[in-house]
Amino acid sequence: MKFVISSTTFCNRLQILNKVIGSKNPLPILDCILFNLEGDNLSMTASDGDITLVSNLAVTDAEGAGKFAINSAQIINVLKEISDQPVKISINEGTFEIEIKYQNGTCNFIGLNGDTYPIPAGIGESAQSITIDSGILLQGINKSVFATAEDELRPVMNGIYFDFSTDSVTFVASDGHKLVRDRYYASNSEQASAFILPKKPSKTLKDILAHEEGDALIKFDNNNAVVSVENYELSCRLIEGRYPNYNSVIPSDNPYKVRIDRQAFIGALRRVQVFANTSTNLIKLRINKNNITVSAQDVDFAKKAEENIICEYDGNPMNIGFKGNFLIDILNSISAQEVMLELADPSRAGVIVPAEQEEKEDLLMLLMPMMLND
């Protein structure tokens, strides 16, 4: 077998596939990428046993057909050192010796028989299909994946909850301290359905969708999901279990509303956070009329800092504390210029929303407060 392909295009596609491959695989061949040459199409597959990512590239001057596997790190390390140029790749079908010829040289190494590569479980006959704009899918994942948990006792919290209804699609993630609910009315489903996508395939999809356009087709049953876009197809196992009723934890009435410039708020939090206690990362917000004082201190090292920010607020004075890095993560996941902090009292969850919502989107983020000693 042999074919010719662009070194840069080939390497870029392999680097995305390589993100799926685990560091400690149960089978040595899962350290490899599987290649299947058929005519002028080269299919490439990477898997860690739970997630499988497939991509296709057009090749030229192809001869022969068949499967072979190459250690992903080995071929990527070769290709990334070759300038953008056509490379000729030849495979000995008996010994699986790989030869790569480029403008100024040749390299050889040994691959593996692709027939031994494990095939992932397919989708059952009862699978549902939903088409969603890839931009909406990217935004939903991007704004929620940071809030997923790492909880061995409650695995349902370790992924993004996709909640489809007849008028919207909602992305939900929570670790018990913070919660994201991102709802889009520009997309919907013929019937109500839901699944929990684990964190790793969510992050893989985030990387893929950043370079994709058009629609994404999602097929899923009780155990597995397949997401297809123009250049990739990702299949993975879903998290089994019942996701908590996320609407029940969102406060229905937070009467005190603070409007503030998001970037100015982030800047103040980052500067003050340097002086926070490293174990608690507590940031205190002292809210008065049209002003917020952001402060932090570490009594053990006798350091503290505070900064004042202008805001729009006309309610009663209030002191409330939040974990600084959580608050910064939430603000970084909102793109609006200004945000609204909706509060009730220092012991109840604060709701953070864009001051102006995007068209056909309803984004809400929730953060539990921390106890203040004064």
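A quick note: this is a predicted structure, and the numbers were derived from the prediction, not measured.

Enquirer: Can you walk me through the packing of helix 3 (residues 134-144) against helix 4 (residues 199-209) in this structure?
Expert: For any two helices packed against each other, the geometry is given by the interaxial angle and the distance between the axes. Where helix 3 contacts helix 4, the two axes come as close as 9 Å, and the packing angle between them is 135 degrees. In terms of orientation, helix 3 lies oblique with respect to helix 4. The way helix 3 lies across helix 4 gives a crossing that is left-handed. In this structure, helix 3 uses Ser134, Leu137, Leu138, Ile141 and Asn142 to contact helix 4, whose residues at the interface are Ser202, Leu205, Lys206 and Leu209. Among the residues making up the contact of helix 3 with helix 4, the classes are represented as 5 nonpolar, 3 polar and 1 charged.

Enquirer: Can you help me understand the sheet that holds strand 26 (residues 361-367) in this one?
Expert: Strand pairing in a sheet takes place through backbone hydrogen bonds and is either antiparallel or parallel in direction. The strand order across the open sheet formed by 8 strands is 15-12-13-14-26-25-24-19, and the pairing between neighbours is antiparallel. In the strand order of this sheet, the two ends are held by strand 15 (193-198) and strand 19 (256-261), each with one partner. The average angle at which neighbouring strand axes cross in this sheet is 20 degrees, direction not considered. In the sheet, strand 12 (residues 159-164) pairs with strand 13 (residues 169-174) via 4 bridges, with the strands oriented antiparallel. Residue pairing across strands places Tyr161 opposite Val172, the latter belonging to strand 13. The sheet strands contacting helix 4 are strand 12 and strand 15, and the helix crosses strand 15 at an angle near 90 degrees. Packing against the sheet, helix 6 (residues 324-332) makes contact with strand 14 (178-184), strand 24 (338-343), strand 25 (350-354) and strand 26, and its axis sits at approximately 175 degrees to strand 26.

Enquirer: Explain the packing of aromatic side chains here, please?
Expert: Here a ring pair, both rings aromatic, is described through the centre-centre distance and the interplanar angle of the planes. Following the criterion strictly, the structure yields 12 aromatic pairs and no others. Between the aromatic rings of Phe162 and Phe164, the centroid separation amounts to 6.3 Å while the plane-to-plane angle is 40 degrees, which identifies the pairing as tilted. Phe164 matches Phe162 in its accessibility class, with the two residues each being buried. One aromatic cluster in this structure is built from Phe162, Phe164, Phe171, Tyr184, Phe195 and Phe220. Of note, Lys178 hangs over the ring of Phe326, and the distance from its end group to the ring centre comes to 3.7 Å. Taking the ring centre of Phe326 as reference, the NZ or CZ of Lys323 above it sits at 5.9 Å.

Enquirer: I keep staring at the side chain of Ser7 and nothing clicks. Help me out?
Expert: Inspection of the secondary structure assignment puts Ser7 in helix 1 (residues 7-18). Residue classification places Ser7 among the buried residues on the basis of a relative accessible area of 0%. With sequence-adjacent residues up to four places away left out, Ser7 is seen in contact with Leu79, Ile82, Ser83, Asp84, Gln85 and Val87.

Enquirer: I keep staring at the sheet that holds strand 5 (residues 60-63) and nothing clicks. Help me out?
Expert: One open sheet accounts for 5 strands, arranged 5-1-7-8-9; its pairing is antiparallel. Here the strands that pair on one side only, and so sit at the sheet edges, are strand 5 and strand 9 (105-110). Strand-to-strand twist across the sheet, computed as the mean angle between neighbouring axes with direction ignored, equals 20 degrees. Pairing between strand 1 (residues 2-6) and strand 7 (residues 86-91): 5 bridges, direction antiparallel. Bridging from a neighbouring strand, Ser6 pairs with Pro86 of strand 7. Together, strand 1 and strand 7 form the strand contacts of helix 1, whose direction differs from that of strand 1 by roughly 90 degrees. Of the strands in this sheet, strand 7, strand 8 (97-102) and strand 9 are in contact with helix 2 (residues 72-79), which crosses strand 9 at around 175 degrees.

Enquirer: Just to check I follow, could you spell out the packing of helix 5 (residues 262-273) against helix 6 for this structure?
Expert: For the pair helix 5 and helix 6, the least separation of the axes is 10 Å and the interaxial angle reads 155 degrees. Put simply, helix 5 runs roughly antiparallel to helix 6. The chirality of how helix 5 crosses helix 6 is left-handed. In this structure, helix 5 contributes Arg262, Phe265, Ile266, Leu269, Arg270 and Gln273 to the contact, and helix 6 contributes Gly324, Asn325, Leu327, Ile328, Leu331 and Asn332. The residue makeup of the contact of helix 5 with helix 6, split by class, is 6 nonpolar, 4 polar and 2 charged.

Enquirer: Looking at this structure, how should I read the environment of Val54?
Expert: Residue position: Val54 is located in strand 4 (residues 51-58). Separated by 11 residues in the primary sequence, Val54 and Ser43 have C-alpha atoms spaced 7.0 Å apart. Look past the residues within four positions of Val54 in its chain and what remains in contact with it is Leu17, Ser43, Met44, Thr45, Asn231, Tyr232 and Glu233.

Enquirer: Just checking my understanding: could you explain the nonpolar core for this structure?
Expert: As a rule of thumb, soluble globular proteins bury nonpolar side chains together. Among the nonpolar cores identified, the biggest contains 61 residues, and Phe10, Leu14, Phe35 and Leu137 are the most heavily contacted of them. For this core, the leading source of residues is helix 1, giving 5 residues. Setting aside residues up to four positions removed in sequence, Phe10 forms contacts with Ile5, Phe35, Leu42, Met44, Leu57, Ile75, Leu79 and Ile89. Ile283, Ile309, Cys311 and Phe326 belong to the second-largest nonpolar core, a separate cluster that totals 37 residues.

Enquirer: Would you take a moment to explain the pattern of salt bridges for this structure?
Expert: One side chain can pair with another of opposite charge once the charged atoms of both are near each other. Going through the model one piece at a time under the given rule, you end up with 13 salt bridges. One salt bridge connects Glu361 with Lys143, and the closest N-O pair in it is separated by 2.8 Å. Of this pair, Glu361 sits in strand 26 while Lys143 sits in helix 3, and the two are 218 residues apart along the sequence. Arg271 is paired through a salt bridge with Glu307; the nearest N and O atoms lie 2.6 Å apart. Highlighted residues: Arg271 in helix 5 and Glu307 in strand 22 (residues 303-310), separated in sequence by 36 residues.

Cut-offs and rules
Residues numbered from 1 in each chain as written. Predicted model: local features only at pLDDT ≥ 70, side-chain atom pairs only at ≥ 80, totals over all residues. Heavy atoms only, no water. Axes fitted to C-alpha atoms, helices over the stretch in contact; angles between N-to-C directions. Helix = DSSP H or I, 4+ residues; strand = E, 2+ residues; numbered from the N terminus. Parallel < 35°, antiparallel > 145°, perpendicular 65-115°, else oblique. Left-handed = near helix turned anticlockwise from the far one by under 90°. Contact = heavy atoms within 4.5 Å. Nonpolar A, V, L, I, M, F, W, Y, C, P; charged D, E, K, R; others polar. Pairing = 2+ DSSP bridges. Phe/Tyr/Trp six-rings, centres within 6.5 Å; stacked < 30°, edge-to-face > 60°. Buried < 20%, exposed > 50% of the residue type's maximum accessible area, 1.4 Å probe, protein only. Lys NZ or Arg CZ within 6 Å of the ring centre and 35° of its normal. Core = buried A, V, L, I, M, F, W, Y, C linked by side-chain atoms within 4.5 Å. Salt bridge = Lys/Arg side-chain N within 4 Å of Asp/Glu carboxyl O.

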